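# A structural walkthrough
Each chain, written out:
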Amino acid sequence: MARRSSPRVPLPPSLGAAFSAADARSAEVGRGRLQGRDVTHPFHGVIARGESPHLAARCQALSVRMTGRWYFSHVTAAVLYRIPLPRQLERGDRPLDVCMLAPRTPPTAAGCRGHSISDQKTRVLRSPTHPIVGPADVWCQLAPALSAEDLVAAGDYLLSGNPLDGAGRHPLCTLDELHEAFSRHRGKRGAKKLRWALGRVRTGVDSRPETILRLMLIAAGLPEPLIGDPTPVDAGRLLLHPDLTLKEWGVVFEYEGDGHRDRDRWLSDVQRYSWLRAAGWEVIQVTSDDLFRTPDAFLRRVFEVLRRRGYRS
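The text that follows walks through the structure, step by step, so that each part is easy to find. (Residues numbered from 1 in each chain as written. Predicted model: local features only at pLDDT ≥ 70, side-chain atom pairs only at ≥ 80, totals over all residues. Heavy atoms only, no water.)

This paragraph deals with the sheet that holds strand 3 (residues 46–49). With antiparallel pairing, 3 strands are arranged side by side in an open sheet as 1-3-2. What marks the edges here is a single partner per strand, and that holds for strand 1 (18–20) and strand 2 (39–43). Between one strand axis and the next, the sheet turns through 35° on average, direction left out of account. As defined by bridge partners, strand 1 adjoins strand 3 across 3 bridges and the pair is classed as antiparallel. The partner of Phe 19 across the bridge, within strand 3, is Ile 47. Across the face of the sheet, helix 2 (residues 55–63) comes into contact with strand 1, strand 2 and strand 3 while running at roughly 70° to strand 2. (Pairing = 2+ DSSP bridges. Helix = DSSP H or I, 4+ residues; strand = E, 2+ residues; numbered from the N terminus. Axes fitted to C-alpha atoms, helices over the stretch in contact; angles between N-to-C directions. Contact = heavy atoms within 4.5 Å.)

In structure tokens:
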């Protein structure tokens, strides 16, 4: 007869989601219990509940062993702020970026990447959840890791807020704060890209692909499209806000992300596009392939539509 395994002794709730080995000893949790499959050891001397903690949980776990004036920064801070990034930078197993204010020595522990900040004017926040560099300075810290276009997308997000917050959406920083942070970053790596991006960030933007699309159209020689321009339809009884609009030629662009595959969202989109077309607008639906795999073919399609609407290069 197979031997039935003993039930796992629950960890004391007082230990929280992450705790030190010393805390475990104080709570009379034995070494054997800390080798269970329901815990991980993300950093030396730190134990976390769960088999594979996500980034926020790893940050909380690292907080257990960090002392003094330290802050999450760079890519790690960007993920905590939910700034849109290229997929390769959002991997959950990336080392955590941690900075120390000089002259303190940045951490060198396995699983984290240490940085030193010499500018005492860098904005830092000590929130209830994570000590973190302020959003505008994080934007500047991202410059070496991002393309100029993705820096614009990150800036758009900070000025516009997270669209998933709905009615509670609010900016994470202001344009003036981005300018102030850039002034602190002059002469550092990525400053040239930051200057380029700073002149192109906008408010009211809903997604990174929307930013990439806007910049693509401008680079192709078109006027800058309007973002979320109020557009009356249904004989003026309804006001829609297309992603991007080239008003002179009666053309609107709508980005079709993965969220649009939901049935209710799809039905809503069909109705929106029907209203727009009935009001005389040409609707160009845009996919990730259009932006990232076949941009040349997509732009040919855009210009074919525009020429039919009276565009002359």
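What follows covers helix 8 (residues 208–219). With 12 residues, helix 8 should reach 16 Å at 1.5 Å per residue; the first-to-last C-alpha distance of 17 Å fits that figure. Across the 12 residues that make up helix 8, a large majority, 10, are buried. Where helix 8 is concerned, the buried positions are Arg 208, Pro 209, Glu 210, Thr 211, Ile 212, Leu 213, Arg 214, Leu 215, Met 216 and Leu 217. Sitting at the amino-terminal end of helix 8 is Ser 207, which places a side-chain oxygen 3.2 Å from the backbone nitrogen of Glu 210. (Expected span 1.5 Å × (residues − 1). Buried < 20%, exposed > 50% of the residue type's maximum accessible area, 1.4 Å probe, protein only. Polar contact = N/O pair within 3.5 Å; in protein donor to acceptor, adjacent residues only side chain to side chain.)

The next point concerns the nonpolar core. Ranked by size, the top nonpolar core spans 51 residues in total, and within it Ile 83, Trp 139, Leu 142 and Leu 178 carry the most contacts. Examining the composition of this core, we find that 6 residues originate from one element, helix 5 (residues 148–160), more than from any other. Not counting the four nearest positions on each side in its chain, Leu 142 is found in contact with His 74, Val 75, Ala 78, Ile 83, Leu 85 and Leu 151. (Core = buried A, V, L, I, M, F, W, Y, C linked by side-chain atoms within 4.5 Å.)

Attention shifts here to unusual backbone geometry. In this model, Glu 28 sits at a positive phi of 60°, which is unusual for a non-glycine residue. By the element assignment, Glu 28 lies in the loop between helix 1 (21–26) and strand 2. The phi dihedral of Arg 82 is positive, around 65°, even though this residue is not glycine. Mapped onto the elements of the fold, Arg 82 is located in the loop between helix 3 (74–80) and strand 5 (96–101).

For the rest of this paragraph, the subject is the packing of aromatic side chains. Enumeration over the complete set of coordinates arrives at 3 aromatic pairs. In this structure an aromatic cluster arises from ring pairing among Trp 249, Phe 303 and Tyr 311. (Phe/Tyr/Trp six-rings, centres within 6.5 Å; stacked < 30°, edge-to-face > 60°.)

Moving on: helix 2. For helix 2, the complete set of buried residues consists of Leu 55, Arg 58, Cys 59, Ala 61 and Leu 62. All buried residues of helix 2 fall inside an arc of 160° around its axis, so they share one side. (Arc of directions from axis to C-beta.)

So, about the packing of helix 5 against helix 7 (residues 191–198). Where helix 5 meets helix 7, the axes come as close as 9 Å, and the angle between the chain directions of the two elements is 55°. With respect to their mutual orientation, helix 5 and helix 7 come out oblique. At the point where helix 5 passes helix 7, the crossing takes the right-handed sense. Where helix 5 abuts helix 7, its residues Ala 148, Glu 149, Leu 151 and Val 152 lie against Lys 193, Leu 194, Trp 196 and Ala 197. Of the residues belonging to the contact of helix 5 with helix 7, the class tally is 6 nonpolar, no polar and 2 charged. (Parallel < 35°, antiparallel > 145°, perpendicular 65-115°, else oblique. Left-handed = near helix turned anticlockwise from the far one by under 90°. Nonpolar A, V, L, I, M, F, W, Y, C, P; charged D, E, K, R; others polar.)

What follows covers the pattern of salt bridges. On inspection of all chains with the given rule, the structure shows 18 salt bridges. A salt bridge links Glu 224 to Arg 214, with the shortest nitrogen-to-oxygen separation between them at 3.9 Å. Highlighted residues: Glu 224 in the loop between helix 8 and strand 9 (226–227) and Arg 214 in helix 8, separated in sequence by 10 residues. Residue classification places Glu 224 among the partly exposed positions, given a relative accessible area of 36%. In this structure Arg 214 comes out as buried when scored by relative accessible area, which is 1%. In this structure, Asp 234 and Arg 237 form a salt bridge, with 3.3 Å as the shortest nitrogen-oxygen distance. Judged by its relative accessible area of 30%, Asp 234 is partly exposed. (Salt bridge = Lys/Arg side-chain N within 4 Å of Asp/Glu carboxyl O.)

All right, on to the sheet that holds strand 12 (residues 244–246) then. The 4 strands lie next to each other as 9-12-13-14, forming an open sheet whose pairing is mixed. Taken across any chain shown, the strands that pair with only one partner, and hence form the sheet edges, are strand 9 and strand 14 (282–286). As defined by bridge partners, strand 12 adjoins strand 13 (residues 251–255) across 3 bridges and the pair is classed as antiparallel. Its bridge partner being in strand 13, Leu 246 is matched across the sheet by Val 251. Across the sheet, helix 9 (residues 263–278) touches strand 13 and strand 14, and the angle it forms with strand 14 is around 145°. Relative to strand 14, helix 11 (residues 295–308) is tilted by about 175°, and along the sheet it contacts strand 12, strand 13 and strand 14.

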